[in-house]
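Here is how the chains run, residue by residue.
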Amino acid sequence: MLKVLGNGLVEIRLWSGREMGETCSNDQEEQRQVSEEKRESAENSRLSQEEQRESAEDVRLSQEEQRQFAEEMRNSAEQTRQLAEEVRETAEEVRQIAEKVRQYKEELRQAKEEARQAKEELQKAREELQQAKDQIPEANEEARQSTESA
């Protein structure tokens, strides 16, 4: 080993085999540690890239799900608009039917009133008929007496 001393002299020292072995062993251990650190770094880098790929895939899937959800919402909104239109049409039909029912009820009420009046008139006519029938024997008697006196 060479060592430069402060006075400009160089000290040369010979290493023993043991010292040399220890130095080599230390160098090998350092190289092994550096290699291990490089392997770990490479593995970490690979894992990081894999995580990034998975994250990118998750983002893509999430975007696809969002796109599908948005499409479903658009379809749902269209169906809702169509149903609302059908409800409006049905409500109009119901209003028209209700108006017809109201008219039919009014016509029925009038028909009942007319039937009641007709029934009263029929009853009066029956009473008048009965009175007329009751007067027939008397009128016959009067006519017979007037025929006998003449």
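Residues numbered from 1 in each chain as written. Predicted model: local features only at pLDDT ≥ 70, side-chain atom pairs only at ≥ 80, totals over all residues. Heavy atoms only, no water.

Re the overall build of the protein chain
Inference 1: Each helix and strand counted, the protein chain has 1 helix and 2 strands in total.
Inference 2: Listing every helix and strand of the protein chain by position from the N terminus yields β-β-α.
Inference 3: Expressed as a percentage of the 150 residues in the protein chain, the buried residues total 0%.
Inference 4: Just so you have it, the protein chain exposes about 13800 Å², and 51% of that area is on carbon and sulfur atoms. (Helix = DSSP H or I, 4+ residues; strand = E, 2+ residues; numbered from the N terminus. Buried < 20%, exposed > 50% of the residue type's maximum accessible area, 1.4 Å probe, protein only. Areas by Shrake-Rupley, 256 points an atom, 1.4 Å probe, with all protein chains shown as cover.)

Thoughts on the pattern of salt bridges
A pair can form between side chains of opposite charge whenever their charged atoms are brought close.
Inference 1: Scanning the entire structure with this criterion turns up 16 salt bridges.
Inference 2: A salt bridge links E64 to R67; the nearest nitrogen and oxygen atoms lie 2.7 Å apart. Of this pair, E64 and R67 both sit in helix α1 (residues 17-149), 3 residues apart, which is roughly one turn of the helix.
Inference 3: Note on E64: relative accessible area 28%, which makes it partly exposed.
Inference 4: A relative accessible area of 45% places R67 in the partly exposed class.
Inference 5: One salt bridge in this structure joins R74 and E71, with 2.7 Å as the shortest N-O distance. Here R74 pairs with E71, and both are found in helix α1, just 3 residues apart, close to one helical turn.
Inference 6: Residue class for R74 comes out partly exposed when judged on its relative accessible area of 48%.
Inference 7: Salt bridges sharing partners connect three or more residues here, namely E113, R116 and E120. (Salt bridge = Lys/Arg side-chain N within 4 Å of Asp/Glu carboxyl O.)

Thoughts on the confidence of the model for the protein chain
A low pLDDT means the predicted coordinates there should not be read in detail.
Inference 1: Predicted confidence across the protein chain gives a mean pLDDT of 89, with 85% of residues reaching 70 or more.
Inference 2: No element of the protein chain has a lower mean pLDDT than strand β1 (residues 2-4), at 60, and none a higher one than α1, at 92. (pLDDT = per-residue confidence, 0-100.)

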